[in-house]
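One-letter residues, chain by chain:
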Amino acid sequence: GASEGYEIMVKSAQMQATSFVAKKYGVEAAELARHTAGATTNFGRTALTARRVVNVKKLAKSAGKQMVKEGIKTTVGVK
């Protein structure tokens with residue numbers, strides 16, 4: 001699925017970036033690049049998961065309905 005494809009793409013990009021940085025700037029810079037890419041990967045993975053789990057339209061619709069119900073209760077209770 002999408003998450004497997006994402007993992008493969010990210011691992012490949014991370015290895016290539018680390019290799020390039022190591023050749024151009026040295027081992028310490030490559031380690032920094034590897035950690036930065038790892039953090040970016042984690043963020044991307046989280047965003048993918050959130051996108052699958054949270055249906056924004058459904059959440060907004062539910063919140064809107066709840067607000068209307070609360071508004072009606074407040075209006076009726078004011079009598």
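Residues numbered from 1 in each chain as written. Predicted model: local features only at pLDDT ≥ 70, side-chain atom pairs only at ≥ 80, totals over all residues. Heavy atoms only, no water.

Enquirer: Explanation requested: the overall build of the protein chain in the structure shown.
Expert: Counting its secondary structure elements, the protein chain contains 3 helices and 0 strands. Within the protein chain, the fraction of its 79 residues that count as buried is 10%. Summed over its atoms, the accessible surface of the protein chain is roughly 6700 Å², and 66% of this surface lies on carbon and sulfur atoms. (Helix = DSSP H or I, 4+ residues; strand = E, 2+ residues; numbered from the N terminus. Buried < 20%, exposed > 50% of the residue type's maximum accessible area, 1.4 Å probe, protein only. Areas by Shrake-Rupley, 256 points an atom, 1.4 Å probe, with all protein chains shown as cover.)

Enquirer: What's the story with the pattern of salt bridges in this structure? I'm lost.
Expert: When their charged atoms lie close together, side chains carrying opposite charge are able to pair. Counted under the stated rule, the structure contains 1 salt bridge. A salt bridge links Glu31 to Arg34; the shortest N-O distance between them is 2.9 Å. One end of the pair, Glu31, and the other, Arg34, are both in helix α2 (residues 27–53), 3 residues apart, so they sit about a helical turn from each other. (Salt bridge = Lys/Arg side-chain N within 4 Å of Asp/Glu carboxyl O.)

Enquirer: Is there a simple way to think about the environment of Met15 in this case?
Expert: With respect to the element layout, Met15 can be found in helix α1 (residues 2–25). Through-space distance from the C-alpha of Met15 to that of Arg34 is 7.9 Å; in sequence the pair is 19 residues apart.

Enquirer: I'm lost on the confidence of the model for the protein chain in this one. Help?
Expert: The predicted coordinates should not be examined in detail at positions where pLDDT is low. For the protein chain, the mean per-residue pLDDT works out to 78, and 82% of the residues sit at or above 70. Least confident of the elements in the protein chain is helix α3 (residues 56–77), whose mean pLDDT is 73; most confident is α1, at 84. (pLDDT = per-residue confidence, 0-100.)

Enquirer: Sorry if this is basic, but what is going on with the side chain of Thr18 here?
Expert: Relative to the elements of secondary structure, Thr18 occurs in helix α1. Given the relative accessible area of 17%, Thr18 is considered buried. Setting aside chain neighbours within four positions, we find Thr18 in contact with Ala30 and Arg34. (Contact = heavy atoms within 4.5 Å.)

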